[in-house]
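# Working through the structure, step by step
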Amino acid sequence: MNLIQEQVDTPALLLHKSQLVNNIDNIAEVAASYGVHFRPHIKTHKSKDIARLQINRGATGLTAAKVGEAEMLVEAGFTDILIAYPISHPLKVKRIQKLRDRARIIVAVDSVEQATKINNELDPENPLEVWIKVNSGLNRCGVEPREEVLELATAIGDMKGLILTGLLTHAGQAYGADSITKIKQIADQEVSAIRESARLCEENGIPIQHRSVGSTPTFQFYENMEGITEIRPGNAAFFDMVQVGLGVAAQTQCALTVKTSVVSVKQDRIVIDAGSKTLAMDKGAHGNDSIQGHGLILEHPELVIGSLSEEHGIIQVAGDKGVQIGDILTIIP
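Bear in mind the structure is a predicted one, so any value in this text is a computation, not a measurement.

This brings us to the nonpolar core. Ranked by internal contacts, the top residues of the largest apolar core, which has 68 residues, are Ile105, Ile132, Ile156, Leu162, Tyr222, Met225 and Ile231. If you tally residues by element for this core, the top one is helix H8 (residues 180-203), at seven residues. Residues contacting isoleucine 231, with those up to four places away along its chain left out, are Ile27, Ala31, Val36, His37, Phe38, Arg39, Val213, Phe219, Tyr222 and Met225. In this structure, Val262, Ala274, Ile297 and Val323 belong to the second largest nonpolar core, which totals 15 residues.

Attention now goes to unusual backbone geometry. With an omega of -5°, the peptide bond running from threonine 10 to proline 11 counts as cis. Looking at the element boundaries, proline 11 is found in the loop between helix H1 (3-7) and strand S1 (12-15). With phi around 65°, arginine 146 is a residue other than glycine that occupies positive phi space. For arginine 146, the position within the fold is in the loop between strand S6 (128-134) and helix H7 (147-157).

The next subject is the pattern of salt bridges. If you walk through the whole model with that rule in mind, you get 15 salt bridges. Here glutamate 196 ties to arginine 146 by a salt bridge, and the two come within 2.5 Å at their closest N and O atoms. One end of the pair, glutamate 196, is in helix H8; the other, arginine 146, is in the loop between S6 and H7, with 50 residues separating them in the sequence. With relative accessibility at 31%, the residue glutamate 196 sits in the partly exposed group. Given the relative accessible area of 34%, arginine 146 is considered partly exposed. The closest approach of N and O atoms between glutamate 202 and arginine 211, which form a salt bridge, is 3.1 Å.

In the sheet, strand S11 (residues 269-272) pairs with strand S14 (residues 313-316) via four bridges, with the strands oriented antiparallel. Looking at the pairing, arginine 269 lines up with glutamine 316 of S14. Taken together, the three bridges between strand S13 (residues 305-308) and S14 define a ladder with antiparallel strand orientation. Looking at the pairing, isoleucine 305 lines up with isoleucine 315 of S14. Between S13 and S14, which follow one another and run antiparallel, lie four residues.

Two numbers describe how H7 lies on H8: the axes approach to 9 Å, and their chain directions differ by 45°. Considering the angle they form, H7 stands oblique to H8. For H7 against H8, the interelement crossing comes out right-handed. Facing H7, whose interface residues are Glu147, Val149, Leu150 and Ala153, H8 presents Ser197, Leu200 and Cys201. Tallied by class, residues from the contact of H7 with H8 come to five nonpolar, one polar and one charged.

So, about the environment of glutamate 299. Structurally, glutamate 299 can be placed in the loop between strand S12 (296-297) and S13. Glutamate 299 sits 30 residues away from leucine 329 along the chain, and the two C-alpha atoms are 6.5 Å apart. With residues near it in sequence (within four places) discarded, glutamate 299 still touches Lys259, Ile328, Leu329 and Thr330. Reaching out from glutamate 299, the side chain makes a polar contact with the side chain of threonine 330 at a distance of 2.7 Å.

With that settled, the discussion passes to the sheet that holds S6. Pairing is parallel in the open sheet, where eight strands are placed in the order S2-S9-S8-S7-S6-S5-S4-S3. Looking at strand neighbours, the two that pair on one side only are strand S2 (37-38) and strand S3 (62-64), the edges of this open sheet. Relative to strand S4 (residues 80-86), S3 is paired through three bridges, and the arrangement is parallel. Directly across from threonine 63, in S4, lies its bridge partner leucine 82. Of the strands in this sheet, S4, strand S5 (104-109), S6 and strand S7 (162-169) touch helix H6 (residues 112-120), which is tilted by about 145° from S5.

Conventions used here
Residues numbered from 1 in each chain as written. Predicted model: local features only at pLDDT ≥ 70, side-chain atom pairs only at ≥ 80, totals over all residues. Heavy atoms only, no water. Core = buried A, V, L, I, M, F, W, Y, C linked by side-chain atoms within 4.5 Å. Buried < 20%, exposed > 50% of the residue type's maximum accessible area, 1.4 Å probe, protein only. Helix = DSSP H or I, 4+ residues; strand = E, 2+ residues; numbered from the N terminus. Contact = heavy atoms within 4.5 Å. Salt bridge = Lys/Arg side-chain N within 4 Å of Asp/Glu carboxyl O. Pairing = 2+ DSSP bridges. Axes fitted to C-alpha atoms, helices over the stretch in contact; angles between N-to-C directions. Parallel < 35°, antiparallel > 145°, perpendicular 65-115°, else oblique. Left-handed = near helix turned anticlockwise from the far one by under 90°. Nonpolar A, V, L, I, M, F, W, Y, C, P; charged D, E, K, R; others polar. Polar contact = N/O pair within 3.5 Å; in protein donor to acceptor, adjacent residues only side chain to side chain.

And the structure:
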């Protein structure tokens, strides 16, 4: 048995630090090639140590999905955080206010109603920085590009508790793309939505200092970044089998693996101790037919983890596959 098998119980999530660092450096190099900053999303790792690695290797700020993530980052000493989520509940606004003495906090907005709710909770003498979230095709949160952006920007201009400084978008629909060609088309739409919206705002006297785009599938494929100021990939720190399936990363770039033990072998199935608590039930949020099962087993890539319960992974087989109870398997999740 190797050292990991002897010292690490299963199931275990293993981080390959040198590959993590290589991936972070790659993001920094891509951003530099565009002449823009990078503000990585931390929702994949939720780690102050990895966030510090990202800052030390060139990130100019961080992106969070939740107020709790922002609180963790501020407590760890980070001072420039975008909450890329339309916050409106008064309790969340109060939590954000407590952070602002120690950090620059930016909040995404995507409607006049939401902006009004935030504005009503704030002191006009200390306005909160907001960026408008633009829908570039994901059809989740975000106003439509151009005219709807201008309408919201104009409304924010009349709100004393808010100050508009930027636009952002996330082309998450790229996770459902069936080719690199399609990913490149989505990347172009993502950039165009921000560029054209910012241009329209500025033609109407509303300055837009920050123009932010980014998803892991698209961040390497932008062809014209004129007017864009930053990218925000998140999963690219680790990569996974979704990214490999999309063709935007190689297996060797995946920085996380799961070690699991074979706990039962039957004629028609193999059972491992990595279940849904370890591997999670989803296979990518927006659909990707290249994903088979719940991760790639490196020692037996022909086997498919077809179903999960909380503590069990089930691999359906027909006959002997040379797998025995106690075998240690390595999964790229």
